[in-house]
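# Coordinates in review
What follows is the residue order along each chain.
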Amino acid sequence: TAECVVDTVRVVQVQSNDPDDPNVSDVFYEYVPPPCVHQAFYEGAKQIARRYRDWEGIMCADPRLAAASEACCDQNIERSVEDALRAYEYHGERMTYASAEQRCLAKHHVNLAEIELDSSPGDGDHSASPIGNCQGDCDIDSHCAGDLVCFQRQGNEAVPGCLDGAGANSGWDYCIDPIQDNGLCLFSKVTGNDNEQGYHWTDADCNVQVKINNEGYVAVVHDTFTMQGWMTPAHVNAEDSLNWFRAYWDGNSYPSPATGCGNCRDTVHPLSGTAACVCDASVVEEPVFSTEPASVEDIVSSLNIGAIKPAIADAGSYHTVVGSDFTVHFKGAGSTTHDADTIFELNHPYHGTKLFLKNVKSTVQLRGWTQPTQIFEAEDAEPGAGTNLPPLYMYAANTTRTDYTGSGYMDWEGSYFAYLNFTVNVQSEKTAKISFKYENSWGPTRPFSLSLNDAVVNDNMLLQPTGHWDFWAMTPSYTVTLQPGDNIIQIKDLSGQWGGPNIDHMLVEGISTSVDANAYSFRNAPHFMGLTQDYSSDGEGETNPRDAHYETDAVLDHYFQHRNTAPFICTRLIQRHGISNPSPRYIKECAIAYRTGSYESAGVVFGSNKYGCLEATAAAVSLYPEATSPVLDRDPAFGAIREPWMRPIQLLRTLEYDYAPREKIVELWELSEDIGEEPSRFPSVFSFFLPEYRPDAGPAIAAGLVSPESMLVNMPTTINMQNGLWSLIRYGVSDCYDDSDTDALGFGRYPGHGNCLDNGSFERGSVYLSFVETDSTSAGLVDELSTLLTQGRLSEENRDIIIAALDDYTPNPNSGDVVAAKRRFAEQLIVSAPEYHTLGTVKKSGKPRAEAASTGSSNSTDYKATILLFFDGGADTWNMLPPHTCDHQIWEKYEAIRGGPANNSSYPGSIALAKDSLWELPTNNSDHNCQSVGLHQNLHTIKDLYHAGDAIFITNTGLMSQNVSKADYRNQNVQLFAHNAMQLESMRLDLGQEAFGTGVLGRMRESLTANGYSADAYSITGNQISLIGKPGSPAPIVLSSGGMKKFDPRADDVLGWWGPEHNNGDMTPRNMADFVRTLNNASSIDSNMMAETWSIKVSEAIAQHELLYDALASTTTATTFPATGLGEQFRMVTQMMQTRQERGVERDFFHVSIGGWDTHSWVLDNVANNFNAVDDAIAAFVTEVKSLGLWNHTIVAQFSEFARTLDPNTGPRGDGTGAGSDHAWGGHQFILGGGLKGGKVLGQYPDEFKEDVGELALSRGRMLPTTPWDSFWNGAAPWMGVPESDLDNALPMRVNFDSSVLFTKDQLFNP
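Quick summary incoming for the structure in this document. Please read these numbers as outputs of a predicted model, since none were measured by experiment.

Below, the discussion takes up helix α19 (residues 1000–1010). Where burial is concerned, most of α19 is hidden: eight out of the eleven residues are buried. Residues Val1000, Leu1001, Gly1002, Arg1003, Met1004, Arg1005, Ser1007 and Leu1008 constitute the buried set of α19. Next to the buried residues of α19 lie β40 (864–871), α18 (979–988), β45 (1015–1019), β47 (1147–1154), α25 (1269–1280) and α26 (1287–1290). With its phi angle positive at about 95°, Gly1012 sits one or two positions after the end of α19.

Written out as C-alpha cells, the structure reads:
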C-alpha cells in the first residue's frame, strides 16, 4: 500500500464515494504529526531548491529529514536537467534525501508492454501511434510513447540505454527512457504545475554555518555555494540574517567582531550595519553515558535531546531494562551497550513529567580556516587545448553571462580538450582546499582532470549540469598540498567534446580548523519550525501554524516547569494574600507544594499529586503556619497594606450587603479613577504596582522591606478611599455625596432616584449593608466589628478610642434609628483605623503624630519651578529630532538604517521621516557635527519656542553611570533595555545607590530645604520616585490631574436642612477627620511597619488636603487645555503654581508623564499621535504660564527611559507593514523654558549608525549615549538654587564624567 513506500503522509482517505449510495461520500482526514524538533546544525547538508532553481529559495536541508521532494534527471543526457521529472506518490510529498535517490533510480513511468508502438518506425507523423523505447526516428518528444523523450544524437553517438553508435541507424534520433540512469541533479526546472511543487532535493552539497554577534547570540547560515547571494533567503543568508538566538557556549567563550573573528570571516548587515563572524561548523554527536548513570538527576542534567517512545518501534528494536528510578532501552535485541541510540525513560525528578531522553550530546564546534580565502580568476589563468586539433575559439574574458566575479569568465566555445593553468604562489608549504565555480547549463556531465604541478589529483572530476546558463555552481573541494613558490593547478576537459563548461574562478581555502586553535563550541539548539518558507499560498514550505503552536507550547512548558517558577509564583501569591515580605521558608514550603502537587495541614492532604497543582499551592499559601499564626501579627515586619479594591469588597461581603428594590447587581463604578485599582483595568503590563516596590514613608524604608500596595497610597487615593468607604456605610453603593458643591465621592453611580440621606434609608443606594450586631453595647459592637473587619487585630488603644466615641455619640432620634446610626458610626470609625487598611498589629506610643509644619504664605518673587516630563515606554526620539544638514552624510545614513526613503513603495518597512516634512532647526553650535537638525512636523509649538530661544535639544543622551564603549557598556549596574529598571533608574540617577531609594528631584529638594528655601514636590501621575528624598524628609504630594475631591463634604455643613437638627439630617458626627488623625496617631518602635506607613500617609494626606483644597479651588486657568491626560496634568501644574504664595514656597518640582511610547509596531503613526498630544499640551501650558508671568521662572525637562532601535523591525505581519522600533538606549531630549539660553543643540549626533563602522553603534542601531542625563541636571540644579557644594549629593554620578560633558548653569540659562 502507498503508506508503506512513503516517508510522510499528509491526507488519508478513510472512505470512498459509493455511486449507489448518496449517503456514502469520500472522507479525508489530514494527518497531523506529533511535535518533532530539528537540530539547528547538522552534518552532510544537501541543497534544496524550488521548482525553478533561479527562484529565490536555495537552501540547505538535513538529508535525514523528509524536507523536500524528488527531482529526477539523467545528467549524461543533454537537456535532461532542463525538465527534471517527478516520481511522487502524491502531490506535495516530502521525503528524505535517501528516499529521493531511491525513488529516482527505481521509478519507471512507462510500461512498454502496455504501449501501442508504431508498427513502422521512421520519419512521418507519429501522433496516432507513438514510438517505443529504443526506437526511431523521432524529432520531438511528442513523437515518443508515454514519458519517453526523443534523444537528439550528435552524429552517430551512442543512444543511452539502447544502442552504441555502431548499431544505430545513421542520422536517426531515438526515443529513450529519460530515467534509465536517473538520479537527483542540479535541475533547471521541475515538470508539473506550480501548485504541485514544493522544495526539491538536488545532489549538490551545502554547508550549514554559524553567524555570531557581539553578544554571543548566533544565527543559522546556509552556504549554498550559490554565487547569486539573493537566491538564498534572507533568514539564512550570511549577510542578511538577523535571526539571533541564544547559544550556550562552553566556557562562555566565543569569537565576536569586537574581539576579532579569528580565522572566521566577518560580515556586516547591509542595512543595520550589525557586525558578525561567520564560521564553518561541525557537529559532533557522541554518547554521554557509557555505563549506568548514577541517578535520575545525572540523566536530566546531562541529556537534552528527546527521543521517540521505544514502544512505537518494531518489535525487537529495543532491549528494555527496568530499573528502580529509570528504564533503559538499548538499541538492538539483547543489547546492553550504552551508545548514542540508547534511550532513557524516566519521570523528571522536579516536575514529574514523563521523559524519553536519547543518550547523546550534540555539540556544534566552530571551524575556521588556516589561511585567508583567495579567488583566482579564470580570465587571468593560462588557457590551452590539445595538439593537432582545430583552432581555439576561447573567450578568456567573456561577459555575456551574469553573476560572474572579476572582469569575466572563461568560455571554451569551439575548443576540444581545453585546459586552464592557474598559478598559485605560497611562501611555505600549505595544505589547502580548491574548488571551481562553473556553469554547464543542460549538460551533459563533463569529465575533467585536476592536477597539481603535473601530478594528477583527480582524473574524473565531474562538472555536472547546472540547469541553465547563468546558473553557477561550485565543484566539490579537493585537498592539495602547495609547495613553496609557484604551483601550477590545471583543470582539463577529458570529454573530447566541442566547447565546454564556462569557468569563472578557482577558490583556494585554508583547511578548516578550530578557530584560533580554541575549542569554541556550544550545545546544538532545537527548533520546531521548518526553515523552508512559503512564497505563495500553495504551502510549498514547511513553516506552518501547527509547528508554531508546538513551539509555543514547548516554550510555555519550559516556563511552567522551570525551577524558578514555583518560588516566583508563590512569592506573588503570598504577597497578594497579605504578606508582603514572606520568609524564605514560607516560600520554600509553598514551592514544594506547587512542585509535588500535595500539601498536608492538620492531617488533611490537599492536591492531586501533580506538578503545578493550584489546590496544593493555595493550601500552602493559606495554611502554612506563617499565614495563620497570631503570634506573627506582633512581628513589626509582618503583614501588608491591603489591596485598595479589596477593602470595599470585604466591607460589602462581611457586613452582608443586600439589594435595594429593583436592583440585581453590585456595580462599583470606576474604582481605578478614585483608589487606583479595579479588576481588569490594568494601567500597564506591569499591573497596578510592582512587587519589588519600597514604600516612601515609615520605618519600612530603613528595614529594606517591600510594600507593593504602597505604590497606590497617596493623597488622592487615600482621601478617595476614606470618602468612598464612609459613603458606602452611610448611603450604600451610590455616588453620594454628589451635588453642585463637590464631586461624586461614593463607589457607585447615580441609580436614577433618591437623595443622599445619612439616616439609614439608603434611598439613593443600589446596594446597602444589612449587618446587625448581636451585642448593641459599645464594647460588644466594637469587638464584633473588629473580628469581622480586622480579624480581631484592633489595638486596645484604638478599641478604647472607638468605644469612647460611641459612648459620647447622641444622634438625633428624629433623623432615624439611633441604634443603626450608632452601628454606622462604629463601622466608619473601624474603617478609619490602620488595622483595617493593613494586616498587622498596631502599638500606640501614646503621643500625637507630628504634623508637617505649614509653610505659610509668602510674597517672595524668587520663584522657580521644574517640571519633569517623562515619556513612559521608551520614546523613539530619533524621529523626534532626525539629522538634517550634517557632516559625514549623517542624513543619508539615518535614512538608510531606518529602512530607506520615506513614502517609497520600494521600501515598505521604512520608518524614516521625509526630509521635506521636518522643521529645519539650525544647531547654532559650532562644536556640533550637524549644521541643522530636523524636528517632527507635529511639534510646531516646540519649533516656535526654539526659534524664540526658549528651547534646547540635547542629542544622543541617556542614562549612564560613566562613559561607555562597546567593550564595557554592560558595566552600568542596571538591566539595560528593560522598561522597569531603566525607567526607575532614569528617575533616580543613582546607579551606585549612594542615596538608596531617592530620586534626583527629591535630592535637589532636600538641598534647597537645607539651604533655606521653601520647596514642594508634586506628582500629577501617581507615586514617582523622582520626587522622593531621604527618610525623614518631607514626602512628595500626589495630585490627581482631574483636581481634588472634597474630604468628607458634610463636615462643614453645620446648619441647613442637612444638619443634625433636621428630621432628615445627617446622623454622622462632623469631626470624622479628627477621628482619623486620632486613630492613626504615632505608634511605638515595635508597631507594625506597614500600618505605620499607612498611618503616616493618611495623616499626611489629610494635612496636604487641608492645605491645598481651598487654595486650589480658588484657582482658574485663562487657557483652555486639551482634554487629554497630559493636558490635564499640565493644567493642574499651572493651578498649583498659582497657589505658590498661599503655600509659601519658592521652589516647586513637578512630575508629569505621557504613555504610549512602546512602539514595537506602527511607530510612525503612534509617534505622530503622541507628538500631537505633547505639542497641544505644551502650547496650552506655555500660554498659561506666560499669562501668570512665570515663564522665565519655569523649565520643562523631557526624559524617557531609553530611545529605540534605528533599524526597524518587520511589523506585526512580517512584511514591513506597521513596522516598529525596539528597545535601545541613547536618544534625544528637549528642555523648555523662558530663562533658557536656548535656540541651540547640545551634545553630538552619532556619525555612524551601523555596528561595523560606528564606535557608538550596537546591533540594529542601538546607540551608546555620549551625554549622560546628569549633564542637564548639572546646570539645572544650580539654577534652582542647589549650591555647588551639594551637587555631588544631588547628582552622585556626575563625578564619573569629565567636566566637558557636564553643562553649567551659564551654558544653559540666561543671567
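If you trace the backbone, Asp950 turns up in the loop between α17 (940–947) and β44 (951–958). Once residues lying within four places of it in the same chain are set aside, the contact partners of Asp950 are Leu945, Trp1191, Ile1231, Leu1232, Gly1233, Gly1234 and Leu1236.

So, about the sheet that holds strand β42 (residues 919–922). The three strands are arranged β41-β43-β42 in an open sheet whose pairing can be described as antiparallel. Of all the strands in the sheet, just β41 (883–886) and β42 have a single pairing partner and so form its edges. Shown here is a sheet whose adjacent strand axes are inclined to one another by a mean of 25°, direction ignored. Bridge count for β41 against strand β43 (residues 930–935) is three bridges, and the pairing is antiparallel. Within the sheet, the bridge partner assigned to Cys886 lies in β43 and is Cys930. Across the face of the sheet, helix α16 (residues 890–897) comes into contact with β41 and β43 while running at roughly 150° to β41.

This part is about the pattern of salt bridges. Scanning all chains against the criterion turns up 45 salt bridges. For Arg576, the salt bridge identified is with Glu643, shortest N-O distance 3.0 Å. Here Arg576, found in helix α4 (residues 565–576), pairs with Glu643, found in the loop between α7 (625–628) and α8 (646–654); they are 67 residues apart in sequence, far enough to count as distant. Note that Arg1005 is salt-bridged to Asp1016, the shortest N-O span being 3.9 Å. Highlighted residues: Arg1005 in helix α19 and Asp1016 in strand β45, separated in sequence by eleven residues. For Arg1005, a relative accessible area of 7% gives the class buried. A residue is classified by how much of its surface remains accessible, and Asp1016, at 9% relative accessible area, is buried. The network of salt bridges with shared partners includes Arg1005, Asp1016, Arg1143 and Asp1148.

Rules of the game
Residues numbered from 1 in each chain as written. Predicted model: local features only at pLDDT ≥ 70, side-chain atom pairs only at ≥ 80, totals over all residues. Heavy atoms only, no water. Buried < 20%, exposed > 50% of the residue type's maximum accessible area, 1.4 Å probe, protein only. Helix = DSSP H or I, 4+ residues; strand = E, 2+ residues; numbered from the N terminus. Contact = heavy atoms within 4.5 Å. Pairing = 2+ DSSP bridges. Axes fitted to C-alpha atoms, helices over the stretch in contact; angles between N-to-C directions. Salt bridge = Lys/Arg side-chain N within 4 Å of Asp/Glu carboxyl O.

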